[in-house]
Amino acid sequence: DNLIHKVLLVNQNKEGILNKTKISDRGKKLRKNWSATYVVLCKERLEFYKDAKELTANLKSGTKSEYIDLHGAQIEWTNEKSSRKNVFQITTESGNEFLLQSEADITVQEWFSVIRNTIDSLGTV
Ligand code: I3P
């Protein structure tokens, strides 16, 4: 049951709005700059767009989007790195750190699970 559930989650593309800030670039600390971002989980990537319109426009024009490669990434909840609630951190293999957040508890829980399952499945391939 658990495995089937995981497979379903892993094959699920997910998209929606989350607040995002990058806090480290290859280990170098960055100043926080939260912004509402249209996030798309697509296979092994987490892609970032200004909004759903930009996603459509980029698909049409073939413009490359900003994304995180989830191979070798880590994900964890954090209470210390922000005064906001529902914050989780993704650390990429290259040492970039991102915080993602939403006021909506269920939204954040879903994103956390689906990203964690994707990372786990990539680790075993
Ligand atoms: C930051 C801004 C961020 C806040 C951050 C502040 O100030 O208020 O929203 O992060 O807190 O430094 P500024 O706009 O002057 O850069 P949170 O919303 O995540 O708490 P921090 O310094 O504790 O990271």
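Scope of this entry: the structure provided in the associated data block. (Residues numbered from 1 in each chain as written. Predicted model: local features only at pLDDT ≥ 70, side-chain atom pairs only at ≥ 80, totals over all residues. Heavy atoms only, no water.)

Considering the overall build of the protein chain
In step 1: Helix and strand content of the protein chain: 3 helices and 8 strands.
In step 2: Along its sequence from the N terminus, the protein chain presents helices and strands in the succession α-β-β-β-β-α-β-β-β-β-α.
In step 3: Buried positions account for 38% of the 125 residues belonging to the protein chain.
In step 4: At a minimum sequence separation of 6, the contacts of the protein chain that also span at least 24 residues come to 47%. (Helix = DSSP H or I, 4+ residues; strand = E, 2+ residues; numbered from the N terminus. Buried < 20%, exposed > 50% of the residue type's maximum accessible area, 1.4 Å probe, protein only. Contact = heavy atoms within 4.5 Å.)

Regarding the site of the ligand
In step 1: The environment of the ligand is formed by Arg31, Lys32, Trp34, Ser82, Ser83 and Arg84.
In step 2: With respect to the ligand, the side chain of arginine 31 contributes an N or O atom lying 2.9 Å from an oxygen atom.
In step 3: Serine 83 is positioned such that a nitrogen or oxygen atom in its side chain is 2.6 Å from an oxygen atom of the ligand.
In step 4: Taking 510 Å² as the accessible area of the ligand by itself, protein coverage stands at 44%. (Near = heavy atom within 4 Å. Polar contact = N/O pair within 3.5 Å; in protein donor to acceptor, adjacent residues only side chain to side chain. Areas by Shrake-Rupley, 256 points an atom, 1.4 Å probe, with all protein chains shown as cover.)

Brief notes about the packing of aromatic side chains
In step 1: Taken as a whole, this structure holds 4 aromatic pairs when the rule is applied.
In step 2: Arranged with centres 5.7 Å apart and planes meeting at 85°, the rings of tryptophan 77 and phenylalanine 88 form a pair that is edge-to-face. Taken together, the residues tryptophan 77 in strand 6 (residues 74–77) and phenylalanine 88 in strand 7 (residues 87–91) connect sequence positions 11 residues apart.
In step 3: For tryptophan 77, a relative accessible area of 38% gives the class partly exposed.
In step 4: Ring plane angle 15° and centroid distance 4.4 Å describe the contact between tryptophan 77 and phenylalanine 112, whose orientation is recorded as stacked. Taken together, the positions of tryptophan 77 in strand 6 and phenylalanine 112 in helix 3 (residues 105–123) put the pair 35 residues apart, joining distant regions of the chain.
In step 5: Linked through ring pairs, Trp77, Phe88 and Phe112 together constitute an aromatic cluster. (Phe/Tyr/Trp six-rings, centres within 6.5 Å; stacked < 30°, edge-to-face > 60°.)

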